[in-house]
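An overview of the molecular structure
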Amino acid sequence: MTKKKTNNKSKIDIINSPRVLIITLIVILVLLTFMLFRVSNKYKFYSGELSTKEIAVDEIHYYSSPVATYFFANQAAYLGEAKKVTKLNIGYYVKSNNNLLLIEDITKEFEEPADLGEVITLYSKFKVAGLTNGKGTYLSKDIQRNMKNLYLIINAQTKGASEYDIHIEEPIQLFKVNE
């Protein structure tokens, strides 16, 4: 019986030892720090804008988390030469291994020639959101990995042309917003 009491007393002494408590707390602190960095790297928020002599977009955002992805681009303003067009295709793409991966685009045909600046402003606002578990619209892993290679591409067709004769391709610089 005394051997059992002595054995229990030594276990209690070990547990109550300051050295054991300090080592345990250090291990817990290291694990919590590791988990914090792991979780914070799963949440990404990028923001950017585009401004050239021909085109300007004042607000472009991309957000990614383990649950959802979201891409937003505000309306573009065309600052170039005034032109009349009968067909327009405008979209956002990322480049991956010299291939363009589509995020979102729109194609419109007009019965009467329309002002290029007006139709770019009218059809250039995009929102793409979805869950990362595959339900609904979402941005593929390849698109998410290459978001720093984002491009705005505008193709337009003037009256009488058989194919797109106006081509604007502008890279967009996104910056990671730090937490």
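It should be noted that the structure appears before, not after, this text.
Reference entry: report on the structure contained in this document. (Residues numbered from 1 in each chain as written. Predicted model: local features only at pLDDT ≥ 70, side-chain atom pairs only at ≥ 80, totals over all residues. Heavy atoms only, no water.)

The subject of this paragraph is the pairing of strand E1 (residues 44–51). Where E1 meets strand E2 (residues 55–64), seven bridges bridge the pair, whose relative direction is antiparallel. Looking at E2, one finds that Leu 50 is bridged to Val 57. Between E1 and E2, which pair antiparallel one after the other, the connecting turn spans three residues. (Pairing = 2+ DSSP bridges. Helix = DSSP H or I, 4+ residues; strand = E, 2+ residues; numbered from the N terminus.)

A few words now on a nonpolar patch on the surface. Together, Leu 25, Ile 28, Leu 32, Phe 34 and Met 35 give the surface a local cluster of nonpolar side chains, amounting to about 540 Å² of exposed area. Within the secondary structure layout, Phe 34 lies in helix H2 (residues 18–40). (Patch = residues over 30% accessible without salt bridge, like charges linked within 9 Å, V, L, I, M, F, W, Y side chains within 5 Å. Areas by Shrake-Rupley, 256 points an atom, 1.4 Å probe, with all protein chains shown as cover. Salt bridge = Lys/Arg side-chain N within 4 Å of Asp/Glu carboxyl O.)

Let us now look at the environment of Ala 56. Considering the arrangement of structural elements, one finds Ala 56 in strand E2. Those residues within four positions of Ala 56 in sequence are excluded, and the remaining contacts are Leu 50, Ser 51, Gln 75, Ala 76, Ala 77 and Leu 79. (Contact = heavy atoms within 4.5 Å.)

With that settled, consider unusual backbone geometry. A positive phi is found at Asn 97, a non-glycine position, where the angle reads about 55°. With respect to the helices and strands, the residue Asn 97 is situated in the loop between strand E5 (84–96) and strand E6 (99–115). Positioned with a positive phi, Asn 98 is a non-glycine residue whose angle comes to about 60°. Within the secondary structure, Asn 98 sits in the loop between E5 and E6. For Asn 98, a relative accessible area of 76% puts it in the exposed group. (Buried < 20%, exposed > 50% of the residue type's maximum accessible area, 1.4 Å probe, protein only.)

By themselves these figures say nothing about function.
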